[in-house]
Amino acid sequence: MSLGAAGVRHRLVALILFALLGSAPIANAGWFSSEQPDVYVVDPYLDIHTGPGRGFPKFYVAEKGETVTVLKRRTDWFKVRTERGKEGWVPLSQISNTRDEGGELIDWGLIGRDGFVQRRTEFGFAGGDFDGARTLSAWGGYALTPNIMLQVEASKILGDFSDGEMALASIVLTPFPEWWVSPYFALGTGILHIDPHTTVVQAEDRTDEVAHAALGANVWLSKRFVMRMEYRRHTVLTSRNDNQEIDQWKAGFSVFF
Amino acid sequence: MESRLQRFLLRISAVLWILGGTPVSAWAADEPEHDVEPLVVREPERREVRVDNIDTEDFEIGVYGGIMDIEDFGSDTVTGLRAAYHITEDFFIEGTYGQSKLGQTSFEELSGGASLLTDAQRDLTYWNGSIGWNILPGESFIGSRMAFKGSLYLLAGAGSTEFGGDNVFTINAGVGYRLIARDWLALHVTAQDHIWESDLLGESATKHNISLTGSLTVFF
């Protein structure tokens, strides 16, 4: 019996489906199922606290040679279960001395300045001054390389006589990402909407396009925490004859992953 | 360094096993009595610990409700959402979104019919971003048998409030207590001052508006 074209196609579809269904759980294992690895205590003892913080008392000690199961993590604290079923929290500084099944040190992913250089995403919040008005901004960035980041930002502008919103997209270039105070410059564009206050007479809402150039610096503070300061020059492409130039200053914090 | 050396030795052993193992077994088939010591004892495959795959619970999200006292406009209920990211055991960042309602000013009540604001302008909504500091973490005790995990924290931040139809820049400062009921569940009591400038009643003045809320949050 020879297979017709339809038969071949069916087999092919079955094969593809099998490959997709079969491989999907493996590909997604890191995303949807979390691991609870066993680690060996090699220090004389492992202090176990009642909660994830130094303010919580030690209530149990796991001994050298004992295995503990790591259940979950909160900031730099790890919840563990001992062989005798006691559950509590251990700080990173202590659990980083444990070993895996083969007796080797485990990479606990300590986050240093290098982590900031190698970051993929960043989220931040900032306050500032926009031509005399206050601004509040939230931004998110995606790093293509340590030097180039794509960024989107939403800002609220709160002035004495009007308030407004601004949405921007920009490209951020960091020439020296490994510096502790790392300067960057950015170019971007977006829209600006201004809404005069109800107490102001005869003023209309308006929406304009804006383009900007910016100069700023990131300062890595600790772990996933970064401080950012920036100066920007916006050109508001108004429908009137003249374009308007606006200076903006801002300072804020961000976390990266 | 040690692991690289180990891997290198393992690789050499594997090559020896492949090169040496096959002829040995083929040869061994001819003389079944002859016992050949295996060159390499194969260890069971070891699971590498991947710290990234450990369940991390640094985010906290929840709802809150309480009362908010709005200067000149009386008190009303406030409800909202809060979300936090815990950066370290000491510091977290938090975003909140809340809503309340402006009551009647004393002038409106005394004058009888006069109304300063429309109904829509009486809706108050606000959002803010804050940094929190767990200043007094630890266990608290009720009597001698019950211990609660928690922390007293300070909050400071900025945001925007829609007040009387306009958006006003708002600074907030507050203090709260987070009681960790379960590893994943927390109860908060928070007192916060929302400070803004307003010229709604004539002269521009700084207004202090206090909210007192209770929250229920989950960690994930």
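Residues numbered from 1 in each chain as written. Chains lettered and ligands numbered in written order. Predicted model: local features only at pLDDT ≥ 70, side-chain atom pairs only at ≥ 80, totals over all residues.

### Remarks on the overall build of chain A
Phase 1 of the analysis: From N to C terminus, chain A includes 3 helices and 14 strands.
Phase 2 of the analysis: The buried share of chain A, reckoned over its 257 residues, is 29%. (Helix = DSSP H or I, 4+ residues; strand = E, 2+ residues; numbered from the N terminus. Buried ≥ 20, exposed ≤ 12 C-beta atoms within 10 Å, placed from the backbone.)

### Overview of the overall build of chain B
Phase 1 of the analysis: Summing up its helical and strand segments, chain B has 2 helices and 9 strands in all.
Phase 2 of the analysis: Starting at the N terminus and walking to the C terminus, you meet the elements of chain B as α-β-β-β-β-α-β-β-β-β-β.
Phase 3 of the analysis: In chain B, 52% of the contacts between residues at least 6 apart in sequence involve partners at least 24 apart. (Contact = placed C-beta atoms within 7 Å.)

### Looking at the interface of chain B and chain A
Phase 1 of the analysis: Facing the 35 residues of chain B at the interface are 42 residues of chain A.
Phase 2 of the analysis: Sorting the residues of the side of chain B that touches chain A by element identifies β1 (55-56), β3 (74-86), β5 (123-142), β6 (146-163) and β7 (166-182) of chain B as the ones contributing at least two each.
Phase 3 of the analysis: The biggest single contributor to the side of chain B that touches chain A is β7 of chain B, with 5 residues.
Phase 4 of the analysis: Partitioned by chemical class, the residues of the side of chain B that touches chain A number 10 nonpolar, 11 polar and 14 charged.
Phase 5 of the analysis: In this sheet, β1 of chain B lies alongside strand β4 (residues 67-74) of chain A in parallel orientation, the contact comprising 2 bridges. (Nonpolar A, V, L, I, M, F, W, Y, C, P; charged D, E, K, R; others polar. Pairing = 2+ DSSP bridges.)

### What to know about the sheet that holds strand β11 (residues 181-196) of chain A
Phase 1 of the analysis: Ordered by their spatial adjacency, 8 strands build a closed barrel running β7-β8-β9-β10-β11-β12-β13-β14 (chain A), and the pairing between neighbours is antiparallel. Neighbour-to-neighbour, the strand axes of this sheet turn through a mean angle of 25°, independent of strand direction. (Axes fitted to C-alpha atoms, helices over the stretch in contact; angles between N-to-C directions.)

### Quick notes on the environment of Thr190 of chain B
All names here are of chain B.
Phase 1 of the analysis: Within the secondary structure, Thr190 sits in strand β8 (residues 185-198).
Phase 2 of the analysis: With 20 C-beta atoms packed within 10 Å, Thr190 lands in the buried category.
Phase 3 of the analysis: With 75 residues separating them in the primary sequence, Thr190 and Ser115 have C-alpha atoms 33 Å apart.
Phase 4 of the analysis: With near-sequence residues (within four places) excluded, Thr190 lies in contact with Gly174, Gly176, Thr213 and Ser215.

### Notes on the sheet that holds β8 of chain B
Strand pairing in a sheet takes place through backbone hydrogen bonds and is either antiparallel or parallel in direction.
Residue and element names in this part refer to chain B.
Phase 1 of the analysis: In spatial order, the strands read β2-β3-β4-β5-β6-β7-β8-β9; together these 8 strands close into a barrel with antiparallel pairing. Between one strand and the next, the sheet's axes are offset by a mean angle of 25°, whatever the strand orientation.
Phase 2 of the analysis: Relative to strand β9 (residues 205-219), β8 is paired through 14 bridges, and the arrangement is antiparallel. Within β9, the position partnered with Ala186 by the bridge is Thr217.

### A short note on the domain arrangement of chain A
Phase 1 of the analysis: By domain assignment, chain A separates into domain 1 (38-110) and domain 2 (115-256).
Phase 2 of the analysis: Once you take the C-alpha centre of each, domain 1 of chain A and domain 2 of chain A turn out to be 42 Å apart. (Domains from an automatic or database assignment.)

### A short note on the confidence of the model for chain B
All names here are of chain B.
Phase 1 of the analysis: Put simply, chain B has an average pLDDT of 83, and 79% of its residues get 70 or more.
Phase 2 of the analysis: For residues 22-29, every residue scores under 50 in pLDDT, and the model assigns this stretch 3 contacts once sequence neighbours within four places are set aside.
Phase 3 of the analysis: Complex prediction metrics read pTM 0.74 and ipTM 0.72. (pLDDT = per-residue confidence, 0-100.)

### Overview of unusual backbone geometry
Phase 1 of the analysis: Unusually for a residue other than glycine, Asp131 of chain A sits at a positive phi of about 55°.
Phase 2 of the analysis: A residue is classified by how many C-beta atoms lie within 10 Å of it, and Asp131 of chain A, with 14 of them, is partly exposed.

### Topic: the nonpolar core
Phase 1 of the analysis: Ile157, Leu158, Met166 and Leu192 of chain A together with Ile70, Leu124 and Val168 of chain B are the most contacted members of the largest nonpolar core, which has 21 residues in total.
Phase 2 of the analysis: Elements represented by at least two residues in this core include exactly β9 (148-158), β10 (162-173) and β11 of chain A together with β2 (59-70), β5 and β7 of chain B.
Phase 3 of the analysis: With residues up to four places along the chain from it excluded, the contact list for Val168 of chain B reads Leu158 of chain A together with Thr161, Phe163, Trp196, Glu197 and Ser198 of chain B.
Phase 4 of the analysis: Core analysis: the next-biggest nonpolar cluster, separate from the first, contains 15 residues, Ile48, Trp77, Val80 and Val90 of chain A among them. (Core = buried A, V, L, I, M, F, W, Y, C linked by C-beta atoms within 7 Å.)

### So, the pairing of β10 of chain A
Taken residue by residue, a regular strand's side chains alternate between the two faces of the sheet.
Residue and element names in this part refer to chain A.
Phase 1 of the analysis: Here β9 pairs with β10 via 11 bridges, running antiparallel. Bridge pairing in β10 places Val152 opposite Ala169.
Phase 2 of the analysis: With antiparallel pairing between neighbouring strands as the criterion, β9 and β10 make up a hairpin whose turn holds 3 residues.

### Overview of the pairing of strand β13 (residues 225-237) of chain A
Residue and element names in this part refer to chain A.
Phase 1 of the analysis: Of the two faces of β13, the one holding Val226, Arg228, Glu230, Arg232, His234 and Val236 is buried and the one holding Phe225, Met227, Met229, Tyr231, Arg233, Thr235 and Leu237 is not buried anywhere.
Phase 2 of the analysis: Linking strand β12 (residues 206-222) to β13, which pair antiparallel, is a turn of 2 residues; within it Lys223 sits at a positive phi near 50°.
Phase 3 of the analysis: Inspection of the sheet shows β13 paired to strand β14 (residues 244-256) by 12 bridges, in the antiparallel sense. When the bridges of β14 are listed, Met229 appears paired with Ala251.
Phase 4 of the analysis: Linking β13 to β14, which pair antiparallel, is a turn of 6 residues.

### Details of the environment of Val41 of chain A
Residue and element names in this part refer to chain A.
Phase 1 of the analysis: Mapping Val41 onto the fold places it in the loop between β1 (38-40) and β2 (45-49).
Phase 2 of the analysis: For Val41 and Gly164, which are 123 residues apart along the polypeptide, the C-alpha to C-alpha distance reads 57 Å.
Phase 3 of the analysis: Those residues in contact with Val41 that lie beyond four places of it in its chain are Leu46, Ala62, Glu63, Lys64, Gly65, Glu66, Val68 and Thr98.

### Focus: the confidence of the model for chain A
Residue and element names in this part refer to chain A.
Phase 1 of the analysis: Confidence along chain A averages 83 in pLDDT terms, with 84% of residues attaining 70 or more.
Phase 2 of the analysis: Confidence, expressed as mean pLDDT per element, reaches its minimum in chain A at helix α1 (residues 5-32) with 48 and its maximum at β9 with 94.
Phase 3 of the analysis: Long-range and interchain partners of residues 20-31, a stretch whose pLDDT sits below 50, account for 1 contact in this model, where long-range means more than four residues apart.

### Details of the environment of Ala62 of chain A
Residue and element names in this part refer to chain A.
Phase 1 of the analysis: Relative to the assigned elements, Ala62 resides in strand β3 (residues 58-63).
Phase 2 of the analysis: For Ala62, a count of 25 C-beta atoms within 10 Å corresponds to the buried category.
Phase 3 of the analysis: Considering only alpha carbons, one finds Ala62 and Asp43, 19 residues apart in sequence, at a separation of 9.6 Å.
Phase 4 of the analysis: Other than its neighbours up to four places away in sequence, Ala62 contacts Val41, Tyr45, Leu46, Ile48, Val68 and Thr82.

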